[in-house]
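Here's the letter readout for the chains.
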Amino acid sequence: MSKQRPFHSDSHNLDDGDFSDPIPSSNMPDAKVDIPRIEKAVREILLAVGEDPDREGLLKTPNRVARAYGELMAGLQHDPRQHLKTVFNERYDEVVLLRDIEFHSLCEHHLLPFTGKAHVAYLPDGKVVGLSKLARLVEGYARRPQVQERLTTQIADALMEALSPIGAVCVIEATHTCMTIRGAKKPGAVMVTSALRGIFKENPSSRAEILHLMQANTGH
Ligand SMILES: [Zn+2]
């Protein structure tokens, strides 16, 4: 692996076409959730905690929660690997790295948000995808009940499967509200997970190099 050009380089053709796609904040349609059923359940929760679901401020809450869940679960009815189907054949043998991909997910143990940043990289072996597709891959796996460890491996495995690269890496740094606002109450605690595949798993110097690139300028 070469040390130069961690990001796709102007000297190559990668700015063409799909590579210049802006990275969308989100264009994923909401999941088709059973709105009346969630409304009923939320009303039950409000009653169970001793609230009055019929007081004015709470009247629309069950419906709002139901629609919010549709949005937060948007990835559920969706296979994020579809974003990796459009590949370009490029003789580009440097690392492609997209750092600081913000995501919002929902911890499946508490249904509370965990949010953070994913850093995704791969060393192509002839096949590359648009950078925006990496962001969509992350979003697709994030918008569903998740655990951070699985989110991390799903992203790395999807890259390996779709692009057959020489290696792939996903590192995720996230804050879990189930840990910061309740339970252990450790505000500011950041959980870091990584999934290394191919050369990044096998070769210690490749691994050290990519992890160094991922950490650069993140302020840690
Ligand atoms: Zn949790």
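A brief structural summary. (Residues numbered from 1 in each chain as written. Predicted model: local features only at pLDDT ≥ 70, side-chain atom pairs only at ≥ 80, totals over all residues. Heavy atoms only, no water.)

### Brief notes about the coordination of the zinc ion
Geometry sets the ideal angles at a metal, namely 109.5 degrees for four tetrahedral donors and 90 or 180 degrees for six octahedral donors. Those donors, Cys 107 (SG), His 110 (ND1) and Cys 178 (SG), are the protein atoms that reach the zinc ion, and they lie 2.1 to 2.3 Å from it. In the primary sequence, the donor residues of the zinc ion line up as C-x2-H-x67-C. A residue pair is termed long-range when its members are at least 10 positions apart, and His 110 in the loop between β2 (96–107) and β3 (112–123) and Cys 178 in helix α5 (residues 177–180) qualify at 68 residues. (Donors = N, O, S within 2.8 Å, 3.2 Å for Na, K, Ca; no water. Helix = DSSP H or I, 4+ residues; strand = E, 2+ residues; numbered from the N terminus.)

### Observations concerning the environment of Asn 89
Note on placement: Asn 89 falls in strand β1 (residues 88–89). Separated by 40 residues in the primary sequence, Asn 89 and Val 129 place their C-alpha atoms 8.9 Å from one another. If we skip the residues at most four places from it in the chain, Asn 89 touches Gly 126 and Lys 127. (Contact = heavy atoms within 4.5 Å.)

### Focus: helix α1 (residues 35–48)
Under the 1.5 Å per step criterion, the end-to-end length of α1 is 20 Å for 14 residues, consistent within 8% with the ideal 20 Å. For α1, every residue scored as buried is listed here: Ile 38, Val 42 and Leu 46. Around the axis of α1, the buried residues are gathered within 80° of arc, so they sit on the same side. For α1, exposure combined with an orientation more than 90 degrees from the buried face picks out Pro 36, Arg 37, Lys 40, Glu 44 and Ala 48. Those residues of α1 that are buried are in contact with α2 (61–72). Positive backbone phi, at 95°, marks Gly 50, one or two positions downstream of α1. (Expected span 1.5 Å × (residues − 1). Buried < 20%, exposed > 50% of the residue type's maximum accessible area, 1.4 Å probe, protein only. Arc of directions from axis to C-beta.)

### Comments concerning unusual backbone geometry
For Asp 100, which is not glycine, the phi dihedral falls at a positive 60°. Positionally, Asp 100 belongs in strand β2. Here Asp 100 falls in the partly exposed class, since its relative accessible area comes to 31%. Here Ser 164, not a glycine, exhibits a phi torsion of approximately 40°, which is positive. If you trace the backbone, Ser 164 turns up in the loop between α4 (148–163) and β6 (167–176). Residue Ser 164 is classed as partly exposed on the basis of its relative accessible area, which comes to 41%.

### Examining the environment of Met 179
Topologically, Met 179 is positioned in helix α5. In this structure the C-alpha to C-alpha distance between Met 179 and Ala 189, which are 10 residues apart in sequence, comes to 8.2 Å. Setting aside its immediate chain neighbours within four residues, Met 179 contacts Ala 184, Lys 185, Lys 186 and Ala 189.

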